[in-house]
Amino acid sequence: MSGTKRVGDAIFGCSFAALLLLTAALLLLPIVMTTIMSFDNRDFLGRFPPPDVSWRWYRAFFGDDYFMTGLRNSLVLSLIAAVIATTAGVAAAVVLDRYEVPAKALISAFLLSPLVVPTVILGFAVLVFASLIGVTNGFTRLIGGHVILVMPYTFRTTLASLVGIRRSLTEAALILGANEKQAFWDITFPLAKTGIVAGLVLGFALSFEEVSLSLFLFDPASYTLPVAILSTMRAQFNLTLASASVVIMVFIILLVVMLERLFGLDKVIGSGLYKS
Amino acid sequence: MSMVDVSGISKSFGPLTAVDDVSFTVESGSCTALLGPSGCGKTTTLRMIAGFEAPDKGRIALGGRDMADKRPYERNVGLVFQDYALFPHMSVAENLAYGMRRRGVAKSEIPERVRRRLAQVKLSGYEDRRPSKLSGGEQQRVALARALATEPEVLLLDEPLSNLDAKLRQELRGELKCLLETVGTTTMIVTHDQEEAMALASRIVVMNRGRVEQIGAPREIYDRPRTRFVAEFMGRSNWFVGRLERRPDDGGLLFRGETGESFAVDDADGLHGPVDLAIRPEQLEIVDAETPHALAGKVVTSEYLGSKTHVTVQLDSGSVLLVIFNKSGRGEAVVGDLIGVRVPRDGCILLPRSGPVPTAPA
Amino acid sequence: MKPPRGALLLLGVVLVVFAALYVLPISMTVRESFRVFQPARVGGLAGTWTLANYAVLLQPAYLDYFLDTFRISFIATLVGLVLAYPIAFYVARHRGILRTAWIALLVTMLFLGTLVRAYSIALTLGPAGFLIPIARFLGLPPNGLTLTEMVVIFGLLHMVVPMMALTLIGTIGNINPRLEQAAQSLGAPRWRAFLDITVALSTRGLLSGFLLGYALAISSFVIPLVLGRGFVLFATNLIYVRFQDTANYPGGAAIATVMLVLSFGIVYGLTHLVRRRLETT
């Protein structure tokens, strides 16, 4: 009897591992392929694998004004949006966490609700709004849209790190003579700093690679790198996009590593009560 | 003059009434304990005195000044939190200095005052340590030093010894009492531990379910509790239900229990008729079975606990009593022994009848 | 502790900004969906009220797109759940380098976003990649609808699996591993203990994970746009197409409103209902 159970267990174990392996392969395959193809020396899109390697597509990417303007715009836009969103998100999180605010849960849910709205709709809605009030400047529209996109994330991350800071610490500061503002800057902020910065980095990364939102809000003068890439993709499917993708991937990976160093990825995902 | 004057304060959180019409005063320089089980409202009361919550009704005055609408930092109060709340990103010295800086003490004076306070709590040289590297007892002392550093009018302590293990608690209790007496600040302690309250405070406010049950000196509260709750909370009791009568021969008081026991009691503060009677286990004495005026019974259990022995006795009348005696008492009490229990005339707690009493020692 | 006036003011400012950038645009969009569309005009005709924009969506041409969106997303989310669960289980129950590698992979995928991955998949499964061999292997026409749908599903998996895996890590993390061990000590083989205990206890997490994943899938834009090659379109792509071609604000607004109601309905409504049902059992 135990023999069949053992066999069952073995099959279970094997298929489990196999499934994991398969999923990992499926998730990694496109990325690996793209990276390899980005070094393809051929000047046309030929079959995999590339016979010869070169940096040509990277040179094409970095030498292309269209992409470089987009890159610059993206960096500026995402930085500004992330900073605004972090300030707003931190302000809201601090007030909601430290004090008894009426309808706290409702306000919290409200501030997190953009997470549920498809980004396309956010983009479209901001566009509708902007058109109807006469704002035609692409950059302004983009900032508006990206701030709303990012704020729920900065709010959530800051709230998560504030929750870990005991209420008694703020109260101790208050009873020792600090007013609310001083208590925040002296006690809460230093302890929440890593969480806040993590939110900033997270917001920046999300804003940087966001395309469906930007697609509705850009104008010929201000477009983002993802918009440039998407437009090129629909016009001509070439390998400059592969090198662009790899550049973005490397950038994002660097940001994730920075996040891990600062904050610890475990906190980003939340591991439940029973970590084995 | 009273440094703390609390009159008629009440506080509710939604449908829950945490504090209900509580009033008491604390004399300048004295130490008062708010004592009661969890949920009795003592912590809420403390928080209202500190300024973290505002009372729905009533008035709080510190040093004669009404504290309505005063934020915590506008009150001259020191608070030692239950979890100590030491700032983890600051050193011990910086923790102590924080209150002084915020209250405008001259920068040049601060290091010397920090040094003196640390010496006062026997932590000299700890200036540069981090709170996370301190033991529980050390953290507690730093928290105390920090609260005293701002030279407050009133010092509040929230369960100061609960986070420490039993042995440490006893040690630090003595040190704490010494320190409080040396410093002389008006002090209020919130605790659920009646030993702590009795050891440290000169007056105890016993609270239950948001209300004040009794206010008095420790001895008064222990020997003469005025309600059933206080009697049961302050220590173990053996309860009897019965009547107080006058003896025909000499006019002395006699207690006649419903379960059949009867013994003489001393002055009962004018009580007469139906009463509840409680006797502390350590007041009872185990004597030989034949001793006159002793209640006859049999030893049911006997627990030797080193410094004391706990014995439960089943009386012939059926009641079960708990008797506690230390070494200088009877010696061994073996299970099954037939013995007598002597009730001291002046050792009984008498309360007007108020419903069923526990049949086994509480 | 009651908040001081300054704190409430701060919160108020944030809420006002939020309202301006979020509530107003969305409510305007909903309002817009009821306006009459006039070609070559920015925005619908003010002051009008019509249900025409919604009626149009019930026509087979549009309805089909909606049904496609729901069907394809459902398949993708279901498959994704089956793939995500083992990953979450591994991460929640083990320690070591492999676990860290998995977390790094999942988080990176989440951050990487849809565009780069859509392109990568288009490249990998496109004509220059493995499309022809796979088509031949499956016996399907390489440019046919079925294969394209499979590619879109593959793309959706990339988006949905990391997200669901990360949420499920929390769910499984909350299940005491000793329960499984207890089942084993009572005689159940590992796979039974796994199914009977861990999976059974994860039902709530599985359901909300599925709903969240589904909401995400039906809202996806880039993946169907790039991988659908024009003949698989999601409702979100419809918004873009309608808008791009004819600047049909009201038309786009109607689709947007429908998708909005659906997303909110699934995430808040259904999840709440499901939780309540599961709580009473």
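Residues numbered from 1 in each chain as written. Chains lettered and ligands numbered in written order. Predicted model: local features only at pLDDT ≥ 70, side-chain atom pairs only at ≥ 80, totals over all residues.

Draft legend 1. View of the overall build of chain C. For chain C, the helix and strand inventory stands at 12 helices and 0 strands. Starting at the N terminus and walking to the C terminus, you meet the elements of chain C as α-α-α-α-α-α-α-α-α-α-α-α. A total of 281 residues make up chain C; the buried ones form 46% of that total. Pairs at least 24 residues apart make up 72% of the contacts formed inside chain C by residues separated by at least 6 positions. (Helix = DSSP H or I, 4+ residues; strand = E, 2+ residues; numbered from the N terminus. Buried ≥ 20, exposed ≤ 12 C-beta atoms within 10 Å, placed from the backbone. Contact = placed C-beta atoms within 7 Å.)

Draft legend 2. The arrangement of the overall build of chain A in detail. Secondary structure summary: chain A contains 12 helices and 0 strands in total. For 276 residues, the compact-globule estimate of 2.2 N^0.38 gives 19 Å, and chain A exceeds it by more than 25% at 24 Å. With respect to the principal axes defined by its C-alpha atoms, chain A has extents near 75 × 70 × 30 Å. The 276 residues of chain A split such that 48% are buried. Within chain A, residue pairs in contact and separated by at least 24 positions form 75% of the contacts whose partners lie at least 6 positions apart. (Rg over C-alpha atoms; globule rule 2.2 N^0.38 Å.)

Draft legend 3. Main features of unusual backbone geometry. One non-glycine residue with positive phi stands out, namely His293 of chain B, at about 65°. Along the chain, His293 of chain B falls in the loop between strand S15 (285–288) and strand S16 (295–304). One non-glycine residue, Arg229 of chain C, adopts positive backbone phi at about 50°.

Draft legend 4. Spatial organisation of the interface of chain A and chain C. With 74 residues of chain A at the interface, the matching set in chain C holds 78 residues. Ranked by the residues each element gives to the side of chain A that touches chain C, the list is headed by helix H1 (residues 2–37) of chain A, at 15 residues. Here the residues of the side of chain A that touches chain C are counted per class, giving 53 nonpolar, 13 polar and 8 charged. (Nonpolar A, V, L, I, M, F, W, Y, C, P; charged D, E, K, R; others polar.)

Draft legend 5. Representation of the nonpolar core. Judged by nonpolar contacts, the single largest core of 261 residues is most densely connected at Leu156 of chain B together with Ala84, Ala88 and Ala165 of chain C. A per-element tally of this core places helix H6 (residues 145–173) of chain C first, with 15 residues. For this core, the two domains that each supply at least three residues are domain 1 (2–230) and domain 2 (237–352) of chain B. Not counting chain neighbours up to four residues away, the residues in contact with Ala165 of chain C comprise Ala84, Ile87, Ala88 and Leu106 of chain C. (Core = buried A, V, L, I, M, F, W, Y, C linked by C-beta atoms within 7 Å. Domains from an automatic or database assignment.)

Draft legend 6. Here's a closer look at helix H4 (residues 97–124) of chain C. If you check H4 of chain C, its first and last C-alpha atoms are just 28 Å apart, much less than what 28 residues at 1.5 Å a residue would give, namely 40 Å. Along its length, H4 of chain C reaches its greatest deviation from straightness, about 100°, at Gly113 of chain C. (Expected span 1.5 Å × (residues − 1). Bend = angle between axes of the 7 residues up to and from the residue.)

Draft legend 7. Fine view of the sheet that holds strand S17 (residues 308–315) of chain B. Residue and element names in this part refer to chain B. Taking strand neighbours across the sheet as the criterion, the 5 strands line up as S15-S19-S16-S17-S18 in an open arrangement whose pairing is antiparallel. Unpaired on one side and paired on the other, S15 and strand S18 (320–326) mark the two borders of the sheet. Here the strands of the sheet are splayed against their neighbours by 50° on average, with no regard to which way each runs. (Pairing = 2+ DSSP bridges. Axes fitted to C-alpha atoms, helices over the stretch in contact; angles between N-to-C directions.)

Draft legend 8. Focus on the sheet that holds strand S7 (residues 154–158) of chain B. All names here are of chain B. With mixed pairing, the 6 strands of this open sheet are ordered in space as S6-S7-S8-S3-S9-S10. Two strands bound the open sheet, and with one partner strand each, they are strand S6 (77–80) and strand S10 (211–216). In this sheet, adjacent strand axes meet at a mean angle of 20° when their direction is disregarded. Relative to S6, helix H4 (residues 136–149) is tilted by about 175°, and along the sheet it contacts S6 and S7.

Draft legend 9. Here's a closer look at the pairing of strand S13 (residues 262–265) of chain B. Residues and elements named next belong to chain B. The alternating pattern of S13 places Phe263 and Val265 on a buried face, while none of Ser262 and Ala264, on the opposite face, is buried. Two elements, strand S12 (residues 253–257) and S13, share 4 bridges in a ladder whose sense is antiparallel. The residue bridging Arg256 from the neighbouring strand is Ser262, located in S13. Adjacent in sequence and paired antiparallel, S12 and S13 are bridged by 4 residues, among which Gly260 carries a positive phi angle near 110°.

Draft legend 10. Examining the packing of helix H5 (residues 119–133) of chain A against helix H6 (residues 138–163) of chain A more closely. All names here are of chain A. Direction vectors running N to C along H5 and H6 enclose 140°, while the axes themselves pass 10 Å from each other. Comparing the axis directions of H5 and H6 gives the class oblique. Two packed elements cross with a definite hand, and for H5 against H6 that hand is right-handed. Together, Thr119, Leu122, Gly123, Val126, Leu127 and Ala130 of H5 and Arg141, Gly144, Gly145, Ile148 and Leu149 of H6 make up the contact between the two elements. Its residues placed into classes, the contact of H5 with H6 shows 6 nonpolar, 4 polar and 1 charged. (Parallel < 35°, antiparallel > 145°, perpendicular 65-115°, else oblique. Left-handed = near helix turned anticlockwise from the far one by under 90°.)

Draft legend 11. Up close: the packing of H4 of chain B against helix H5 (residues 166–183) of chain B. Residue and element names in this part refer to chain B. Here H4 crosses H5 at 15°, and the two axes come no closer than 11 Å. When the axis of H4 is compared with that of H5, the two are roughly parallel. For H4 against H5, the interelement crossing comes out right-handed. In this structure, H4 contributes Gly136, Gly137, Gln140 and Leu148 to the contact, and H5 contributes Leu168, Leu172 and Val183. Across the contact of H4 with H5, the residue classes break down as 4 nonpolar, 3 polar and no charged.

Draft legend 12. The arrangement of the pairing of S12 of chain B in detail. All names here are of chain B. Pairing between strand S11 (residues 238–246) and S12: 5 bridges, direction antiparallel. Looking across to S12, one finds that Arg243 is bridged to Arg256. Connecting S11 to the antiparallel partner S12 that follows it, the hairpin turn spans 6 residues, and Gly251 within it adopts a positive phi of roughly 75°.

Draft legend 13. The arrangement of the confidence of the model for chain C in detail. Taken as a whole, chain C shows an average pLDDT of 85; of its residues, 98% reach a score of 70 or greater. Across the interface, the model reports ipTM at 0.84; the global pTM reads 0.76. (pLDDT = per-residue confidence, 0-100.)

Draft legend 14. Spotlight on the environment of Asp288 of chain B. In this structure, Asp288 of chain B sits in strand S15. Taking the C-alpha atoms as reference, Asp288 of chain B lies 54 Å from Arg47 of chain B; in sequence the two are 241 residues apart.

Draft legend 15. Representation of the confidence of the model for chain A within the structure. Overall, the prediction assigns chain A a mean pLDDT of 86, with 94% of residues at 70 or greater. Element-level mean pLDDT values for chain A span from 57 in helix H12 (residues 265–269) of chain A up to 93 in helix H7 (residues 167–176) of chain A.

Draft legend 16. Inspection of the environment of Leu172 of chain B at higher detail. All names here are of chain B. Tracing the backbone through its elements, the reader meets Leu172 in helix H5. Judged by local crowding, Leu172 falls into the partly exposed class, with 19 C-beta atoms found within 10 Å. As a C-alpha pair, Leu172 and Gly137 span 35 residues in sequence and 7.6 Å in three-dimensional space. Setting aside residues up to four positions removed in sequence, Leu172 forms contacts with Gly137, Gln140, Leu161 and Leu164.

Draft legend 17. Highlighting the environment of Gly273 of chain B. Residues and elements named next belong to chain B. Along the chain, Gly273 falls in strand S14 (residues 273–279). Taking the C-alpha atoms as reference points, Gly273 and Phe255, separated by 18 residues in sequence, lie 9.4 Å from one another. In contact with Gly273, other than residues within four places in its own chain, are Arg243 and Leu244.

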